[in-house]
Amino acid sequence: MTRARTTGTLRTRDAHRVSFTVAGADDGVPVVVLHGGPGSGSQPDATRLFDLTRFRVVLIDQRGTGASTPRGGVRRNRTDRLIEDIEAVRVRLRIERWGVLGGSWGAALALAYAGRHPQSVTGVVLRGLFLTSMREVRGLFVTSQKRAPRAWQKLCAAAHCKRPAALLSQCHARLQRGRASDAQQRKLALAWRGYENAVLASANTRRRLVPARLSHKDSRKLIGKYRIQAHYLMHHCWLGEARLLSFARRAAAAGVPLFAVHGSRDPVCPPDNLRRLARAVPNAHIECVRAGHLASDPALHARVADALTTLFLPLTDEGRTLRRAA
């Protein structure tokens, strides 16, 4: 039976409230969706990847994002706590094991979670894998200026940054509470969004640009998003490429299948990340499609949806063993 979306809140022991949404069939194959960013919040459209008559989909707003509170909060907000939250939501929903879908930063988090809790995971589907490396972060804030020079200059001006290598640290400093006025933080968040949109559009994807005008509430959300993103990137997401790939190897060694789909024109996460994953986990299934970075790209959307069907739905023929634990 397919039912309307339901929402819940997980209260953590360290004063966060983590919001989650459940959609699809009560007895469907459970899959948790981990959003990107860091800081973006879950996207309701992610359920379009699933046949909701056969899947039970759980969307989690990571700490400080979406409907989770404190919004934009970076205190006690790091990767190991996110992994604990994901596992706590699984237990709360009485799901014995579930699949994991992650895109961009969510793909990195999916590998880290599967490596930490392989006994809870039936398989992992990755879209646009981010390996949390210094190389990728430098590519975004320094190298990618060539893709969007005007937007990059606006971001530098909003961050009061004169050295490209210091751009991330300047953004991080100014977005922390009390370090700049609300107006200055809003200007910086808008400039960051403008640069991000311009870089994504450089891949010729069907990127829909967000209107420049924002309500006060929306501008606070945007500031919170980039405050969290800067916080994570400044700390290499508490992972780094070597550690993240070790999690991938650990998950694979425990029998968790990995399926990665990546756009050949991805301007944010290098397509070479697929090769790095394949070298670390030779039995991972990898595909490179002619697409950019976003899940809304038709080619990526189609292949990710196919990967979810291929990896998870055949298991339903074995007595629906992935139902909620009694």
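Now for a description of the structure that goes with this document. (Residues numbered from 1 in each chain as written. Predicted model: local features only at pLDDT ≥ 70, side-chain atom pairs only at ≥ 80, totals over all residues. Heavy atoms only, no water.)

Some points on the pairing of strand E3 (residues 29-34)
Note the following rule: Three labels apply to residues, based on accessible area from a 1.4 Å probe with only protein chains included: buried if under 20% of the type maximum, exposed if over 50%, partly exposed otherwise in between. In this text, helices come from DSSP runs of H or I with a minimum length of four residues, and strands from runs of E with a minimum of two, each type numbered from the N-terminal end. Strands were regarded as paired on the criterion that DSSP finds at least two bridges between them.
With six of six residues buried, E3 lies mostly within the body of the structure. Of the two faces of E3, the one holding Val29, Val31 and Val33 and the one holding Pro30, Val32 and Leu34 are both buried throughout. Where E3 meets strand E4 (residues 55-60), six bridges bridge the pair, whose relative direction is parallel. In the sheet register, Val29 faces E4, and the bridge partner there is Phe55. Inspection of the sheet shows E3 paired to strand E5 (residues 98-103) by four bridges, in the parallel sense. Its bridge partner being in E5, Leu34 is matched across the sheet by Gly102.

A short note on the environment of Arg56
Mapping Arg56 onto the fold places it in strand E4. The class for Arg56 is buried, based on a relative accessible area of 4%.

Describing the environment of Thr69
Put simply, the rule reads: Contact between two residues is taken to exist if any of their heavy atoms lie within 4.5 Å; hydrogens are not considered.
Relative to the helices and strands, Thr69 resides in the loop between E4 and helix H1 (79-92). The class of Thr69 is partly exposed, set by a relative accessible area of 34%. Along the primary structure Thr69 and Arg11 are separated by 58 residues, whereas in three dimensions their C-alpha atoms are 9.7 Å apart. Every residue in contact with Thr69, bar those within four places of it in the chain, is listed here: Ala15, His16 and Arg17.

Re the packing of aromatic side chains
Aromatic rings in a pair are described by how distant their centres are and how their planes are angled relative to each other. Going by this rule: The pairing test for Phe, Tyr and Trp rings, Trp by its six-membered ring, is centres within 6.5 Å, and the orientation test on the planes gives stacked under 30 degrees, edge-to-face over 60, and tilted for anything in between.
Taken as a whole and assessed by the stated rule, the structure comprises five aromatic pairs. Their ring planes at 20 degrees and their centres at 4.6 Å tell us that Trp192 and Tyr226 sit as a pair that is stacked. Separated by 34 residues along the polypeptide, Trp192 in helix H6 (residues 182-201) and Tyr226 in helix H7 (residues 216-234) bring together distant segments of the chain. Put simply, the rings of Trp105, Tyr232 and Trp238 pair up and form one aromatic cluster.

Focus on unusual backbone geometry
For the peptide bond that leads from Gly37 to Pro38, omega is -10 degrees, which places it in the cis range. Of note, the bond from Thr69 into Pro70 is cis; its omega dihedral lies within 30 degrees of zero at 0 degrees. Secondary-structure assignment places Pro70 in the loop between E4 and H1. Phi at Ala15 takes a positive value of approximately 75 degrees, unusual for a residue other than glycine.

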